[in-house]
Amino acid sequence: MIKKDGRILGVDFGDVRTGLAISDETRFLASGIGFVKPGGIVKTADKVAEVAMENCVVGVVVGHPINMNGTRGPRAERAEEFAALLRERLPEVEVLLFDERMTTMAAARFLGETGTRGKDRKKVIDTLSAQILLQNYIDMEKNAK
């Protein structure tokens, strides 16, 4: 768990787009703040670190795409590599991986229920996934206290 009080950045790392969400100061609610699309893992880490610094976050939660059977595949290893790059860029900020199983499916289901289709769906699914990931983390943190 992230020990310091303050805002947390949620990151749904992806090869094309990386969704971002941020908590309020009290860590009650996660809000989507968009996505970055700089291209490549290093450039994405640079941009996400910049967003983290601009928002004075004390922690970053990166989605860890563990397989449904609990094993780690290539996507999980890529997320681990991304988190390591963030730790290098943000030495004063706690960066942790958090199981993101089902977040993209939950986001897709929500968008389907709201009738969001096509280009509109692509624009928001990564942000919504980051928001769900971060809210799940916040809720888990609250329940652990």
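Placed above this text is the structure.
First things first, this report covers the structure right here in the doc. Starting afresh in each chain, residues are numbered from 1 along the sequence in its written order. Note on the predicted model: pLDDT of at least 70 is required for a residue's local features to be given, and 80 or more for side-chain atom pairs to be given and counted; whole-chain, interface and lining totals, by contrast, use all residues. With hydrogens and water stripped out, all remaining heavy atoms of the structure feed into the side-chain values.

Points about the packing of helix 1 (residues 41–54) against helix 2 (residues 74–89)
Two quantities define a packed helix pair, namely the angle between the axes and the distance from one axis to the other.
Next up, step 1: Interaxial angles span 0 to 180 degrees and are taken between N-to-C directions of axes, which are lines fitted to C-alpha atoms, for helices over the stretch in contact. Secondary structure counts use DSSP, requiring at least four H or I residues in a row for a helix and at least two E residues in a row for a strand, with both numbered from the N terminus. Where helix 1 meets helix 2, the axes come as close as 9 Å, and the angle between the chain directions of the two elements is 50°. Between helix 1 and helix 2, the angle falls in the class oblique. For the crossing formed where helix 1 meets helix 2, the hand is right-handed. In contact with Ile 41, Val 42, Thr 44, Ala 45, Asp 46, Val 48 and Ala 49 of helix 1, helix 2 contributes Arg 78, Glu 81, Phe 82, Leu 85, Leu 86 and Arg 89.
Next up, step 2: We call Asp, Glu, Lys and Arg charged. Ala, Val, Leu, Ile, Met, Phe, Trp, Tyr, Cys and Pro are nonpolar, and the rest, Gly among them, are polar. Its residues assigned to classes, the contact of helix 1 with helix 2 comprises 8 nonpolar, 1 polar and 4 charged. For classification purposes, an angle smaller than 35 degrees is called roughly parallel, one larger than 145 roughly antiparallel, one from 65 to 115 roughly perpendicular, and anything else oblique. The handedness criterion is simple: a crossing whose near helix is rotated anticlockwise from the far helix by less than a right angle is left-handed, and one whose near helix is rotated clockwise is right-handed. Between two residues, a contact is recorded if the distance between any of their heavy atoms is within 4.5 Å.

Topic: unusual backbone geometry
Trans peptide bonds make up most of the peptide bonds, and negative phi angles are found at most residues other than glycine.
Next up, step 1: A positive phi angle, close to 60°, is found at Arg 27, a residue other than glycine.
Next up, step 2: Secondary-structure assignment places Arg 27 in the loop between strand 2 (18–23) and strand 3 (30–36).
Next up, step 3: The backbone phi angle of Cys 56 is positive, close to 50°, even though this residue is not glycine.
Next up, step 4: Assignment of secondary structure puts Cys 56 in the loop between helix 1 and strand 4 (59–64).

Here we look at the nonpolar core
Next up, step 1: What makes a nonpolar core is a set of buried Ala, Val, Leu, Ile, Met, Phe, Trp, Tyr and Cys residues whose side-chain atoms join them at distances within 4.5 Å. Partly exposed describes any residue whose relative accessible area lies between the buried limit of under 20% and the exposed limit of over 50%, with all areas from a 1.4 Å probe on protein chains only and scaled to the type maximum. Residues Leu 9, Val 11, Val 48, Val 60, Val 62, Phe 82 and Leu 86 are the most contacted members of the largest nonpolar core, which totals 22 residues.
Next up, step 2: Of all the secondary structure elements, the ones that give two or more residues to this core are strand 1 (8–12), strand 2, helix 1, strand 4 and helix 2.
Next up, step 3: Per-element tally for this core: the top contributor is helix 1, with 6 residues.
Next up, step 4: Discounting chain neighbours no more than four positions away, the residues touching Leu 9 are Ala 21, Ile 33, Val 48, Val 51, Ala 52, Val 57, Gly 59, Val 60, Val 61 and Leu 134.

Remarks on the sheet that holds strand 2
Next up, step 1: When DSSP finds two or more bridges between a pair of strands, those strands are recorded as paired. The strand order across the open sheet built from 5 strands is 3-2-1-4-5, with neighbouring strands paired in mixed fashion. Looking at strand neighbours, the two that pair on one side only are strand 3 and strand 5 (94–99), the edges of this open sheet. Direction aside, neighbouring strands of the sheet carry axes that sit 25° apart on average.
Next up, step 2: The pairing of strand 4 with strand 5 spans 6 bridges and is parallel. Each bridged residue has a counterpart across the sheet, and for Gly 59 the counterpart in strand 5 is Glu 94.
Next up, step 3: Against the sheet, helix 2 makes contact with strand 1, strand 4 and strand 5, and its axis sits at roughly 165° relative to strand 4, the strand it touches most.

Some points on the packing of aromatic side chains
Next up, step 1: Note on aromatic pairs: the rings of Phe, Tyr and Trp (six-membered ring only in Trp) are paired at centre separations within 6.5 Å, and the planes decide the class, stacked below 30 degrees, edge-to-face beyond 60, tilted for the rest. Counted according to the given criterion, the structure contains 2 aromatic pairs.
Next up, step 2: Between the aromatic rings of Phe 13 and Phe 82, the centroid separation amounts to 4.3 Å while the plane-to-plane angle is 15°, which identifies the pairing as stacked. In this pair, Phe 13 is assigned in the loop between strand 1 and strand 2 and Phe 82 in helix 2, connecting sequence segments 69 residues apart. For the pair Phe 13 and Phe 82, a shared accessibility class is recorded, and that class is buried.
Next up, step 3: Each ring, one from Phe 98 and one from Tyr 137, has its centre 5.4 Å from the other, and the planes form 90°; the classification is edge-to-face. In this pair, Phe 98 sits in strand 5 while Tyr 137 sits in helix 4 (residues 118–144), placing the two residues 39 residues apart along the sequence. For the pair Phe 98 and Tyr 137, one class covers both residues: buried.
Next up, step 4: Counted as over-ring charges are cases with an Arg CZ or a Lys NZ within 6 Å of the ring centre that also lie within 35 degrees of the ring normal. The ring of Phe 35 has Arg 17 lying over it, and the distance from NZ or CZ to the ring centre is 6.0 Å.

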